[in-house]
Structures are given as structure tokens and as C-alpha cells.
Number of protein chains: 4
Amino acid sequence: MSIEADVKTRGKREETKANNRQAILDAARRVFAELGYGATTVRDIIRATDLASGTFYNYFKSKEEVFQALQDDTALRVRPRLRAERIRAATFEEFIAGTFRTFFDFVKNDQTSLATMRRNPELQRMRIDTPEVIAGFEELRADLETAIRNGVMPDTDADLLMAAMVGVAFEVANHMISRSDVSAQDAAEFATALFLGGVHALPKRKRPKAT
Amino acid sequence: MSIEADVKTRGKREETKANNRQAILDAARRVFAELGYGATTVRDIIRATDLASGTFYNYFKSKEEVFQALQDDTALRVRPRLRAERIRAATFEEFIAGTFRTFFDFVKNDQTSLATMRRNPELQRMRIDTPEVIAGFEELRADLETAIRNGVMPDTDADLLMAAMVGVAFEVANHMISRSDVSAQDAAEFATALFLGGVHALPKRKRPKAT
Amino acid sequence: MSIEADVKTRGKREETKANNRQAILDAARRVFAELGYGATTVRDIIRATDLASGTFYNYFKSKEEVFQALQDDTALRVRPRLRAERIRAATFEEFIAGTFRTFFDFVKNDQTSLATMRRNPELQRMRIDTPEVIAGFEELRADLETAIRNGVMPDTDADLLMAAMVGVAFEVANHMISRSDVSAQDAAEFATALFLGGVHALPKRKRPKAT
Amino acid sequence: MSIEADVKTRGKREETKANNRQAILDAARRVFAELGYGATTVRDIIRATDLASGTFYNYFKSKEEVFQALQDDTALRVRPRLRAERIRAATFEEFIAGTFRTFFDFVKNDQTSLATMRRNPELQRMRIDTPEVIAGFEELRADLETAIRNGVMPDTDADLLMAAMVGVAFEVANHMISRSDVSAQDAAEFATALFLGGVHALPKRKRPKAT
DNA sequence: CATGAATGAGAGTTCATTCAT
DNA sequence: GATGAATGAACTCTCATTCAT
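All chains use their own residue numbering, which begins from 1 and follows the written sequence. Written order determines the labels here, with chains lettered from A and ligands numbered from 1. Restriction of local features to residues with pLDDT of at least 70 applies here, the model being predicted, together with a cutoff of 80 or more for giving and counting side-chain atom pairs; totals for whole chains, interfaces and linings are based on all residues. Excluding hydrogens and water, the side-chain values take into account all heavy atoms of the structure.

1. What to know about the overall build of chain A
Across its full length, chain A holds nine helices and zero strands. Only DSSP runs of H or I covering at least 4 residues are called helices, and only runs of E covering at least 2 are called strands; the numbering of each starts at the N terminus. Reading chain A from its N terminus to its C terminus gives the helix and strand order α-α-α-α-α-α-α-α-α. Think of it in three bands: residues with accessible area under 20% of the maximum for their type are buried, residues over 50% are exposed, and the middle band is partly exposed, with areas taken using a 1.4 Å probe on protein chains only. Taking all 211 residues of chain A together, 51% fall into the buried category. Residue contacts follow a heavy-atom distance rule, with two residues in contact if any of their heavy atoms lie within 4.5 Å. The contacts of chain A with a sequence gap of at least 6 include a subset with a gap of at least 24, amounting to 68%. Computed with a 1.4 Å probe, the accessible areas rest on the Shrake-Rupley method; for each residue, only the protein chains presented here act as cover. Carbon and sulfur atoms make up 52% of the accessible area of chain A, which amounts to about 10900 Å² in all.

Next up, the structure:
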């Protein structure tokens with residue numbers, strides 16, 4: 001190995017490492033989508049790669065860890081879009097509508113992430129508790145709480161509200177995927193109308209709205 | 001050996017068989033709830049029983065099969081209650097309210113069934129496609145369609161509506177379970193208000209409701 | 001159960017026992033022929049019967065034991081024919097010819113017994129050491145020794161001679177079965193000519209034939 | 001790591017692999033000889049080795065596969081000797097004599113290969129249909145056909161002739177093994193005399209031998 | 001004596017993980 | 001850091017056998 005090669009090695013190494021990590025993540029996404037999380041083995045993931053079995057353990061400790069990383073990776077790609085949407089929104093209604101639209105668009109264009117759930121006899125939808133995902137949910141809840149504080153929506157339990165919104169979003173997304181005649185636009189309009197209508201009909205809780 | 005004896009003989013055998021089958025189902029429910037479906041092995045289930053390993057295979061062919069049986073078993077217990085509720089309901093509003101209340105009550109009192117989902121890094125909620133479960137969903141959708149046909153609710157896509165209702169129900173149930181300060185009653189009221197409000201706010205599709 | 005029935009029970013029992021034993025033997029012969037000895041399980045044999053699994057053990061201790069019984073059964077059917085042939089034979093040549101002809105006829109008409117060997121990745125031919133089978137071989141060797149003592153054939157090692165005769169018989173039978181254009185007659189003529197020719201060409205051993 | 005090191009690395013790995021494969025084959029040969037093919041389990045083979053259970057499956061998929069490999073291995077060792085013998089033979093008689101002698105010598109010195117059959121309640125002799133073994137038989141038949149074509153032996157069915165020769169060889173070998181007073185030399189002389197005598201006594205089929 | 005469910009040893013096999021190269 | 005064979009615990013499942021009915 002020449003000195004020149006050695007000089008560049010550091011840079012190349014880093015690059016290779018990043019590539020390998022990404023190769024594993026990509027393979028995992030594909031394999032999870034095909035076999036389902038439970039049925040997938042670390043071997044399956046490595047086989048879908050041109051790396052050696054031992055190499056896997058230089059990057060991840062277990063199947064769980066790749067899965068988590070995959071979740072974070074997905075959340076990392078959605079959150080900026082949702083954040084942009086939130087900033088753009090002038091009213092509460094626009095915020096809700098934008099959030100739903102962004103979510104359904106994402107799901108439509110990133111099939112594998114949700115395909116994973118469909119294929120799966122055991123997964124209904126991806127478990128949602130990696131740091132990144134939780135952070136995304138927290139942002140949503142914070143926004144709902146702000147809306148409540150600002151009096152633009154009735155004073156209800158923000159947790160339950162978030163749960164309802166998330167439930168509608170994921171379940172409708174599921175149907176959208178399995179039925180070709182429902183566009184992201186359709187899904188978003190339906191969910192928005194339902195949810196906003198529901199929110200406005202909710203009874204106030206306790207804290208009276210300040211005049 | 002008298003004929004009477006024969007009758008009793010068959011009776012005892014049959015009884016033991018029924019007991020064993022139930023013992024396996026019960027053990028499976030507990031173990032799935034504790035370890036999650038994917039992590040559970042057939043051995044785990046047998047270990048939670050006082051039967052021998054081979055005995056499992058006299059009743060079920062695989063882990064999948066017990067799981068399916070468990071699903072059906074659960075659906076079989078909820079459906080009659082929901083059906084009763086539906087019959088009792090005089091108005092569409094009562095139907096929705098009754099359905100949510102029944103569901104949350106059931107979940108509250110039958111923790112394991114849903115606990116199973118919580119613990120699970122892979123399951124969000126139980127996969128919903130055994131015959132019994134699908135039948136339950138179909139009943140719900142049929143009712144929604146009837147309501148639409150009778151003009152008591154806007155003419156929207158019954159599939160999406162069912163999805164939304166199911167999404168709200170399961171996700172809110174999840175939150176109810178993880179938070180001790182939310183009663184089944186609270187959850188039902190919240191879900192009912194949100195959903196009914198949302199439904200009424202939905203835009204008409206084609207057939208205008210008669211004034 | 002009436003008194004009359006009881007009276008006849010003893011006789012019937014014996015009959016049933018014999019029937020069951022035979023049913024198991026027949027089933028075993030069929031199953032061995034289909035699956036091969038090694039692959040066959042006791043379960044397979046019972047399944048081919050309309051008896052219950054436990055009943056098997058009232059008649060045989062193991063798969064091996066049925067197999068032995070089957071061997072004996074077969075030997076028991078061939079030996080009388082061979083003995084008759086031996087008695088009828090006026091000369092040594094007729095004895096050999098008759099023996100081969102009888103053997104090949106039997107194999108041709110009792111396919112299963114040999115089909116068992118053919119199908120079998122592990123059996124070349126049936127193991128030949130149940131009492132009945134050994135007895136059959138002993139008879140053959142005794143006859144060969146008598147022939148030697150009587151000077152109608154060269155004085156050679158009767159053991160080796162028997163081995164050669166048996167080897168030719170079984171191996172040629174194998175070919176006869178797998179090729180439809182070879183009749184029992186053909187096989188017998190070939191084997192007889194070869195064996196007799198060979199025997200006459202054998203060098204004398206020690207005991208000079210008395211003039 | 002230098003290039004030299006690399007070379008050695010590969011060398012060591014390859015060597016270990018070859019050793020392990022051979023270790024498994026050797027163990028299998030011993031265990032088959034002791035317990036018989038049917039009674040032998042994969043675990044038995046591994047136990048006779050200092051390898052771990054999983055390692056077996058890096059080399060063979062099943063017990064059958066080791067057995068086949070063993071067969072081929074044996075055939076691979078005999079065939080060259082038989083071929084050499086055939087080339088050396090100046091006459092048909094020498095060819096037959098040489099073949100028998102080589103075969104009995106081999107069996108005498110490579111006990112295990114045939115011991116396997118003896119011990120076996122199910123195996124009379126090793127099943128003979130791996131590619132290598134069949135090839136060996138085909139060579140023999142081709143030689144017999146050549147001999148017939150050249151008129152050095154009567155024009156008979158080469159298949160049956162081969163069967164007879166094989167039958168004599170294996171059966172006599174069996175007796176040789178179980179009786180200590182029969183040398184390979186004795187067996188070969190006996191078999192050669194018998195077989196050659198027999199062949200010369202066979203009736204002509206169609207093509208009359210030129211005077 | 002027939003029955004057939006229960007038993008549990010053990011066979012075959014897979015897999016996450018380690019570690020010499 | 002990459003490699004891939006070795007490891008052995010653990011899993012699924014089958015089967016001969018027993019024994020209450």
C-alpha cells in the first residue's frame with residue numbers, strides 16, 4: 001500500500017463507513033418490507049448486502065437497533081416537512097390541513113415505510129417510540145397545546161387529541177395504500193374535515209377562555 | 001363396561017381436551033402480553049403451562065395458529081356486546097356513543113388483549129384479519145352504510161369512515177391504558193364527541209340530505 | 001352385552017387378534033415398499049391401518065420386530081416351494097435350475113417383497129438374518145454340501161458357493177424387476193447356465209472323488 | 001498486512017476447511033460402520049468430531065449428503081485401481097481375474113466401507129447410485145460389451161452379466177469379511193473360477209462366434 | 001383388549017454472535 | 001475495519017411409548 005493511499009485512507013475510511021451503514025439500513029428496509037420485522041433475521045439483512053456477517057456488528061448491535069435507526073431515519077425525513085408546514089400555516093385550520101396533507105403525501109411516496117406494516121402479520125404499524133419519533137409527536141402535541149392556549153380550539157386533553165389525530169392519520173393511510181382509488185389529496189381532505197369538525201364540536205373542559 | 005360408563009368416559013376425555021386447549025390459549029395470551037408476539041416461542045407458551053411440549057402440537061400446528069385462535073377468541077367476546085349495543089341504539093348518535101363505550105370498557109377490563117400491543121416493539125396492535133375480526137369490522141361498516149343510506153349522516157366513503165373510527169378507538173385506547181387518570185367513560189365521551197362532531201361537519205358527497 | 005355374545009367372545013377375540021396382527025403386517029409391507037424401511041415410522045404403519053396407535057404395541061414391540069416378522073413371513077412362503085423343488089429334482093443340475101426358477105417366479109409375483117429394496121436409498125436387499133431366513137439359507141447350504149459329498153459337484157467351500165448363488169440370485173432379480181423385457185424364465189435360464197457352468201469349472205479342493 | 005500474509009491467511013483458512021470436511025467424512029465413516037446408516041444421527045457424527053454442532057451444516061446439508069459424499073469418495077478410490085487392472089490385462093480372463101482380485105483386496109483393507117453394511121439391520125450393502133458409483137458400474141459393463149463384441153466371450157445380455165458379477169463380488173466379500181479363514185486371494189480365485197467357467201458355458205445368443 | 005391423548009427425549013436445524021485471520 | 005467459519009444455545013417439531021379411560 002503506497003504512502004499516498006495511506007494519506008487518503010482516513011477520508012476514504014469515513015466514506016466507506018457511511019456507505020456501509022447506509023447499505024445495511026437500505027437492505028433492512030427492503031427486507032423488513034418483504035418478510036416483516038418478526039420473520040427477518042440479521043442473516044437476512046446481511047445477505048441482502050454485499051458485506052460479511054461480522055461487519056454488521058461494527059454498525060449495529062442487533063436487529064432491534066437497525067429497526068430503531070430506520071424509524072429515526074424516517075422520522076428525520078418527515079419532521080422538517082411538517083415543521084415547514086406548521087410555520088407556513090396562518091390559522092389552526094391551515095395547520096391541521098397542512099399536517100395531514102404532508103403526512104399522506106409522504107406515505108404515498110415512501111411506500112416501503114408503510115408497506116412494512118401491511119405485509120406484516122404482526123405489525124399494524126411501526127412502533128413509535130424511538131427518540132426521533134417521540135420528538136415528532138411531542139412537536140405535534142406542543143402545537144395543539146399552543147392552539148388551546150391561544151383559544152383557537154376548545155380546551156381539551158391534548159394527549160387524547162394527539163392520539164385521535166395520529167389514529168386517524170395512520171388508519172386512513174392504511175386504507176389509502178390498500179385502495180388505489182384514494183389519492184393523498186382525498187385522504188387529506190377527508191381527515192381534515194372530520195378532525196376539524198370534531199374538534200370544534202368538543203365540549204370545553206375547565207379553563208375558561210380569556211377574553 | 002356399562003353404557004353409562006362409556007358415556008362418562010367420553011365425557012372426561014372431551015373435558016380434558018377442552019381444558020388443555022383453553023390452558024394453552026390462556027398461557028399464550030399471557031406470554032404474548034409479556035414478551036410480545038415476535039419474541040415469544042412455542043416453548044415459552046408450553047412452559048407457562050403444566051403440559052408437555054409435545055402436547056402443544058396436538059392442539060395447534062404453530063405459534064401463528066394459536067395467535068389466530070386468540071384473535072378469534074377475543075373478537076368472539078366483543079362482537080356480541082357491540083351487536084347488543086347497536087340494537088339498543090335508537091339514533092345514530094347513540095349507536096356511535098354505545099360502540100365507543102363498549103369498546104373502551106372491554107379494553108379496560110381485558111387488559112392483556114391490548115397490553116399485548118403495548119409491550120411489543122413490533123406490534124402496534126394485533127393484526128386484524130382473522131375471519132372473526134374481519135367479520136366484526138364488516139358489521140361496523142355495514143352499520144355506517146345503513147346510516148348513510150338512511151340519511152342520518154353525510155354521504156361519505158364508508159371505508160374511510162370506518163378507518164377513522166377504528167383509528168381513533170385504538171389509539172385513544174392505547175393512551176387510556178398508559179394513563180391512569182383516563183377512565184373508559186372519559187375516553188368514550190371524548191371519542192364520541194370528536195367523531196360525531198367530525199361526521200356532521202363532513203362535506204356531502206353526492207346525495208343531498210333532504211331538508 | 002348379551003350372554004350369547006359373551007359365549008362367542010373367546011372365539012371372536014382370537015379371530016380379531018389374528019386379523020389385527022395380519023392387518024399390521026400387511027400395512028407394514030405396503031408402507032415399507034412405499035417409503036423404505038428407514039423412513040417408515042411406526043406411526044406410518046398404524047395410519048395405514050384402522051387401528052389405534054396403542055394397539056400396535058399389543059402385537060409388536062417395535063418397527064424392527066414387524067420387519068423381522070415380515071421377513072419370516074416371506075421366507076415361510078418361499079421355503080416350501082424350494083423344498084418341493086429340491087425333492088422333485090433328480091439331478092444336481094435340475095436342483096439348481098429348479099431353485100433359480102422358483103426364486104425368480106416368486107420375486108416376479110410378489111413384487112412388494114422386493115420392491116421394498118428397490119425403493120430404498122438405504123436398503124440394497126433385505127437383511128437376511130431372521131431365524132426363518134437363516135433356516136432357508138441353511139437348507140440351501142446343506143443341499144450343496146450333500147451334492148459335494150455325493151460327488152456330483154466339485155469339492156469347494158460350500159459357504160462361498162452359497163454366497164455366490166445368493167448374490168447372483170438377488171442381483172439378477174433386481175435387474176429383472178427394473179427391466180420389463182426380462183422374464184422370470186430368462187433370468188432363471190441365465191443364472192442356471194452361468195452358475196452350473198461355473199461350478200463345473202471350479203478346481204477340486206482336496207478330497208478326491210471316489211471312483 | 002503484507003501480500004505474503006494475505007496468501008498465508010487464505011492458505012490457513014482453506015486448510016482448516018479441508019481438514020474439517022475430512023474430519024466429518026472420517027467420523028461419518030466410523031459412525032456409520034458402528035451404528036449403521038439408519039440409526040446414525042447427524043448429532044452422532046458431530047459428537048465423533050471435535051467440532052460444534054452447527055459446523056456440520058457449513059459442510060453438508062444432511063446425513064444423506066455426507067453419505068453420498070462418502071460413497072463417491074469410496075468409488076473414487078477404487079475406480080483408478082480397477083482401471084489400471086483393466087489396462088494391464090492382456091486377455092479377457094486376466095481382466096476378470098484382475099478385477100475380482102482388486103476388489104477383494106480393497107474390501108479387505110478398507111473394512112469400514114463394507115463393515116457399514118454388515119452391522120446394519122437395514123443395509124445389505126451400500127446403495128449404489130451416486131454418480132461416481134454408477135460410473136464405475138458403467139465402466140464394467142462397457143468392458144463386458146467390448147469383450148462380447150471382440151468375440152472373446154459368448155454374446156449374452158451384458159446387463160445380466162454385470163449383475164451376476166456384482167452379486168458374486170459383494171456377496172462373497174460379505175462372507176470373506178465375516179470369516180477370518182478366507183483371504184482376499186482365496187475369494188478372488190473362487191469368484192474368478194466360478195464366473196469364468198460360467199461365462200464360457202453360457203449359450204450363445206445370436207451372433208455366432210467365428211470359427 | 002382397543003383407544004388415542006399425553007409425554008418428553010431427542011432429532012434436525014437455525015441463528016446471533018465471536019474471533020482468528 | 002472487513003471477513004466468514006466456528007460456535008453452541010435454543011428452537012421447532014416428531015416420534016415411540018405409556019396409560020387412563
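2. Some details on helix α4 (residues 63–88) of chain A
Owing to its 3.6 residues per turn, the α-helix brings residues three or four apart onto one side. With 26 residues, α4(A) extends 38 Å between its outermost C-alpha atoms, agreeing within 8% with the 38 Å of an ideal straight helix rising 1.5 Å per residue. One side-chain oxygen at the N-terminal end of α4(A) lies 3.3 Å from the backbone nitrogen of A:E64; it belongs to A:S62. Every helix has an expected span of 1.5 Å times one less than the residues it contains. Two N or O atoms form a polar contact when they lie within 3.5 Å of each other; inside protein one atom must be a possible hydrogen donor and the other a possible acceptor, and for residues adjacent in sequence the pair counts only when both atoms belong to side chains.

3. Regarding the nonpolar core
Among soluble globular proteins, nonpolar side chains are generally buried collectively. What is meant by a nonpolar core is a set of buried Ala, Val, Leu, Ile, Met, Phe, Trp, Tyr and Cys residues, joined one to another through side-chain atoms within 4.5 Å. The biggest cluster of nonpolar side chains holds 79 residues, and the ones touching the most others in it are A:F100, A:F104, B:F100 and B:F104. Not counting the four nearest positions on each side in its chain, B:F100 is found in contact with B:M165, B:V168, B:A169, B:A188, B:A191, B:T192 and B:F195. Counting 78 residues, the second-largest nonpolar core is a separate cluster that includes C:A163, D:L140, D:A158 and D:L194.

4. Things to note about the packing of helix α5 (residues 92–109) of chain D against helix α8 (residues 158–178) of chain D
Residue and element names in this part refer to chain D. For helices, the fitted axis covers only the stretch in contact; all axes are lines through C-alpha atoms, and the angles between them, taken along N-to-C directions, range from 0 to 180 degrees. With their axes 10 Å apart at the nearest point, α5 and α8 run at an angle of 35° to one another. You can see that α5 and α8 cross each other, and the crossing is right-handed. Between α5, through I96, T99, F100, F103, F104, V107 and K108, and α8, the contact on the second element is made entirely by M165, V168, A169, F170, V172, A173, M176 and I177. Each residue gets one label: Ala, Val, Leu, Ile, Met, Phe, Trp, Tyr, Cys and Pro are nonpolar, Asp, Glu, Lys and Arg are charged, and the others, such as Gly, are polar. Here the contact of α5 with α8 is built from residues that sort into 13 nonpolar, one polar and one charged. In this scheme, a crossing is called left-handed if the near helix is turned counterclockwise away from the far one by less than a right angle; it is called right-handed if the turn is clockwise.

5. A few points about the pattern of salt bridges
In the sections that follow, a salt bridge refers to a side-chain nitrogen of Lys or Arg positioned within 4 Å of a carboxyl oxygen of Asp or Glu. Under the counting rule described, the total for this entry stands at 53 salt bridges over all chains. Via salt bridges that share partners, A:E138, A:R141, A:D157, A:D159, B:R179 and B:D181 belong to a single interconnected network.

6. Considering the packing of aromatic side chains
Only Phe, Tyr and Trp rings are paired, with Trp represented by its six-membered ring, and only when their centres lie within 6.5 Å; those with planes under 30 degrees apart are stacked, over 60 edge-to-face, the remainder tilted. For the coordinates displayed, the defined rule picks out 32 aromatic pairs over all chains. Ring geometry for C:F103 versus C:F104: centroids 5.7 Å apart, planes at 65°, classification edge-to-face. You'll find C:F103 and C:F104 in the same group, each marked buried. Ring centres 6.0 Å apart and planes at 10° place the aromatic pair D:F100 and D:F104 in the stacked group. With D:F100 and D:F104 both in helix α5 and four residues apart, this pair spans about one turn of that helix.

7. What to know about the packing of helix α8 (residues 158–178) of chain A against helix α8 (residues 158–178) of chain B
Close contact between α8(A) and α8(B) brings their axes to 7 Å; oriented N to C, the two are set at 140°. If you check the angle between α8(A) and α8(B), you find them oblique. Where α8(A) crosses over α8(B), the handedness of that crossing is right-handed. Residue-level inspection shows A:D159, A:L160, A:M162, A:A163, A:A164, A:V166, A:G167, A:V168, A:E171, A:V172 and A:H175 of α8(A) in contact with α8(B), the latter providing B:D159, B:L160, B:M162, B:A163, B:A164, B:V166, B:G167, B:V168, B:E171, B:V172 and B:H175. Looking at the contact of α8(A) with α8(B), its residues break down into 14 nonpolar, four polar and four charged. Working definition: roughly parallel below 35 degrees, roughly antiparallel above 145 degrees, roughly perpendicular at 65 to 115 degrees, and oblique for all remaining angles.

8. Examining the domain arrangement of chain A
All names here are of chain A. Note that the domain bounds were set by an automatic or database domain assignment. Under the domain assignment, chain A is made up of domain 1 (1–60) and domain 2 (64–205). Counting residues at the interface gives 15 residues for domain 1, matched by 15 residues for domain 2. Accessible-area loss on putting two parts together, using a 1.4 Å probe and summing over both, is the definition of buried area adopted here. Around 1300 Å² of area is buried between domain 1 and domain 2 when both sides are counted, 65% of it from carbon and sulfur atoms. The largest per-residue losses of area from domain 1 upon contact with domain 2 belong to R29, A33 and Y37, which jointly make up 48% of the total buried on that side. Where domain 1 touches domain 2, the interface holds one salt bridge. Applying the counting rule to domain 1 against domain 2 returns one residue pair in polar contact (both at pLDDT 80 or more). Mapped by element, the contributors of at least two residues to the side of domain 1 that touches domain 2 are α1 (3–35) and α3 (53–59).

9. Let's talk about the environment of B:F56
All names here are of chain B. Note that F56 resides in helix α3 (residues 53–59). Accessibility expressed as a relative area gives 2% for F56, which makes it buried. Sequence separation of F56 and N20 is 36 residues, and the distance between their C-alpha atoms is 8.9 Å.

10. Quick look at the side chain of A:T99
Residues and elements named next belong to chain A. In this structure, T99 sits in helix α5 (residues 92–109). Residue T99 is classed as buried on the basis of its relative accessible area of 11%. A polar contact is formed between the side chain of T99 and the backbone oxygen of F95, at a distance of 2.8 Å. In this structure T99 touches L82, E85 and M165, once residues within four positions along its chain are discounted.

11. Examining the environment of A:G38
The residue A:G38 is located in the loop between α1 and α2 (42–47) in this model. Take A:G38: its relative accessible area is 28%, and that puts it in the partly exposed class.

12. What to know about the side chain of D:D44
Examined against the element boundaries, D:D44 turns out to sit in helix α2 (residues 42–47). Ignoring any residue separated from it by four or fewer positions in sequence, one finds D:D44 in contact with D:V31, D:L35 and D:A39.

13. Notes on helix α5 (residues 92–109) of chain B
With 18 residues, α5(B) should reach 26 Å at 1.5 Å per residue; the first-to-last C-alpha distance of 26 Å fits that figure. The complete set of buried residues in α5(B) reads B:F92, B:F95, B:I96, B:A97, B:G98, B:T99, B:F100, B:T102, B:F103, B:F104, B:F106 and B:V107.

14. Overview of the confidence of the model for chain A
Residues and elements named next belong to chain A. Across chain A, the average pLDDT comes to 80, with 80% of residues at or above 70. Mean pLDDT in chain A bottoms out at helix α6 (residues 111–118), which sits at 51, and peaks at helix α9 (residues 184–201), which reaches 95. Every residue in residues 115–128 is under pLDDT 50, and counting partners more than four places away or in other chains gives 57 contacts. The low-confidence segment residues 207–211, where pLDDT is below 50, has three contacts with residues more than four positions distant or belonging to other chains. Values of pLDDT, ranging from 0 to 100, describe the predictor's confidence in every residue of the model.

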